[in-house]
Amino acid sequence: MKPVDMLSLDLRSLATFVAVLDEGSVSRAAVRLGVTQSAVSHTLERLRQAFGDPLFVKSGRGIVPTDYALRTGPHIRQLLDDLRTLPSGPPFEPASAEFTFTIAANDYQRDLLLPGLLRILRQKAPGIQLQVIPSGIPNADMLRKEACDLIISPHAPETTDIMQRGLMADRMVVFYDPNQRNAPTDLAEYLKADHIALMFATGERPGFENTLHAKGLDRRNVVTVSNFSGLPEFLRGTNMLATAPERMSAQLMRDFAWVPLPFDYKPFTLLMLWHRRHQNDPAHRWVRNQVNSVAATMNGLND
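Keep in mind that what you see is a predicted model, and the values were worked out from it rather than measured.

Q: Which parts of the structure should I look at to understand helix α1 (residues 11–23)?
A: One turn of the α-helix equals 3.6 residues, which is why residues spaced by three or four share an orientation. Between its first and last C-alpha, α1 extends 18 Å over 13 residues, near the 18 Å set by a 1.5 Å rise per residue. Looking only at α1, the buried set comprises S13, L14, T16, F17, V18, A19, V20 and L21. Taking the backbone nitrogen of R12 as reference, a side-chain oxygen 3.1 Å away marks D10 as the first, capping residue of α1. With its phi angle positive at about 65 degrees, G24 sits one or two positions after the end of α1.

Here you go:
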């Protein structure tokens, strides 16, 4: 008997073999598979050539399997069963897991969500080390080239291989030091004021800055910092304004007053982004679920 030509086989062909073996009939196998009898017959012919054995032979008005088919059947059935379990992956036990999980997030998202994630990891999965890198305005290659496992950002790359899930909603507001000035009352006063602007270390400006430019709104940026963490000390004791997410009023910007923007600017959603290759990975999915649970504890969840 010649060696089996594995390259000529596919899962559908093997499933057809098992169906005929179970049913003892080409016609019943066709009904079970939802295909035509000729399709089953054609597949059997390809299998005969691959295995170098007739597999099924006529007996009276029906067919019976050959000895080779009977011996091979259990192996093929086990192979198909094993392949069906692949999507769920191996079992994942958080308590015994050991790996480094890298999340790209700017300081706003980092300080808002990731301390809570770390507390969960230390309690439930102490062997998982958390690494945080800046995301800037993220691009799909960060995930494609595995520079990180997950991105948290309001900016989603427009591509089909990047998955996303909304975590929570936020909006941009105007912060000021109430010991030094009153809130801006209108757009003219907002634009006339001195401002602290933001440019990420990657050289990209936040989407808010681009929107201002698109609207033709010019303001005077006295100082530009590379992350939101630079805002408080520059703002404190001055009459300047800083535009930043409202949720920062509970943490980094808690010493300052704030008012809504004096012009229309849509709220945004913080997103969790990952590559499609990790969609069904049980460890990756577990960490994503923990990030989502942290977000769910905060008001204004946008799920």
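Q: Explain the sheet that holds strand β6 (residues 162–170) here, please?
A: Sheets are built from strands paired through backbone hydrogen bonds, the pairs being either parallel or antiparallel. The mixed open sheet is built from 5 strands, whose spatial order is β4-β3-β5-β12-β6. Two strands lie at the open edges of the sheet, namely β4 (128–133) and β6, each paired on one side alone. Across the sheet, the axes of successive neighbouring strands diverge by a mean angle of 20 degrees, strand direction being ignored. Bridging between strand β3 (residues 99–104) and strand β5 (residues 150–153) involves 2 bridges; their strand directions are parallel. Bridged to A104 within β5 is I151. Taken strand by strand, helix α5 (residues 107–124) contacts β3, β4, β5, β6 and β12 (268–275), and its axis lies near 175 degrees from that of β4. Packed on one face of the sheet, helix α10 (residues 282–296) meets β3, β4, β5, β6 and β12 and runs near 15 degrees to β6.

Q: I'm lost on the side chain of D149 in this one. Help?
A: In this fold, D149 is placed in the loop between α6 (141–144) and β5. Of the side chains with opposite charge, R277 lies nearest to the buried D149, which makes no salt bridge, at 7.3 Å. A polar atom in the side chain of D149 sits 2.7 Å from the backbone nitrogen of T102. Once you skip the residues sitting within four places of it in the chain, D149 turns out to touch T100, F101, T102, L143, L273, W274 and H284.

Q: Looking at this structure, how should I read the pattern of salt bridges?
A: Once the charged atoms of two side chains with opposite charge are near each other, the side chains can pair. Taken as a whole and assessed by the stated rule, the structure comprises 15 salt bridges. Linking E23 and R28 is a salt bridge whose minimum nitrogen-to-oxygen distance equals 3.9 Å. With a relative accessible area of 26%, E23 lands in the partly exposed category. Under the relative-accessibility criterion, R28 is labelled partly exposed at 46%. Between R236 and D255 there is a salt bridge, with its nearest N and O atoms 3.4 Å apart. Of this pair, R236 sits in the loop between α9 (231–235) and β10 (241–245) while D255 sits in the loop between β10 and β11 (257–260), and the two are 19 residues apart along the sequence. R236 sits in the partly exposed class, given a relative accessible area of 36%. Through salt bridges that share partners, D22, E23, R28, R32 and R77 make up one connected network.

Q: Can you help me understand the environment of L11 in this one?
A: Mapped onto the fold, L11 is located in helix α1. On the accessibility criterion, L11 (48% relative accessible area) is partly exposed. Sequence-wise, L11 and L79 are 68 residues apart; in three dimensions their C-alpha atoms are separated by 9.4 Å. Apart from residues no more than four positions distant in its own chain, L11 is found in contact with L80 and L83.

Q: Before we go on, may I ask you to explain the side chain of H284 in this structure?
A: Within the fold, H284 resides in helix α10. In terms of polar contacts, H284 uses its side chain to reach the backbone carbonyl oxygen of D149, at 2.9 Å. Among residues more than four places away in sequence, those in contact with H284 are F101, D149, L150, W274 and H278.

Q: What am I meant to see in the packing of α1 against helix α3 (residues 37–51) here?
A: How two helices sit against one another is set out by the angle between their axes and by the gap between those axes. It is the contact of α1 with α3, at a shortest axis distance of 10 Å, that shows an interaxial angle of 105 degrees. Between α1 and α3, the interaxial angle falls into the category roughly perpendicular. The segment α1 lies against α3, with S13, L14, T16, F17 and V20 engaging V40, T43, L44, R46, L47 and F51. Its residues placed into classes, the contact of α1 with α3 shows 7 nonpolar, 3 polar and 1 charged.

The rules behind these values
Residues numbered from 1 in each chain as written. Predicted model: local features only at pLDDT ≥ 70, side-chain atom pairs only at ≥ 80, totals over all residues. Heavy atoms only, no water. Helix = DSSP H or I, 4+ residues; strand = E, 2+ residues; numbered from the N terminus. Expected span 1.5 Å × (residues − 1). Buried < 20%, exposed > 50% of the residue type's maximum accessible area, 1.4 Å probe, protein only. Polar contact = N/O pair within 3.5 Å; in protein donor to acceptor, adjacent residues only side chain to side chain. Pairing = 2+ DSSP bridges. Axes fitted to C-alpha atoms, helices over the stretch in contact; angles between N-to-C directions. Contact = heavy atoms within 4.5 Å. Lys, Arg positive; Asp, Glu negative; His and termini not counted. Salt bridge = Lys/Arg side-chain N within 4 Å of Asp/Glu carboxyl O. Parallel < 35°, antiparallel > 145°, perpendicular 65-115°, else oblique. Nonpolar A, V, L, I, M, F, W, Y, C, P; charged D, E, K, R; others polar.

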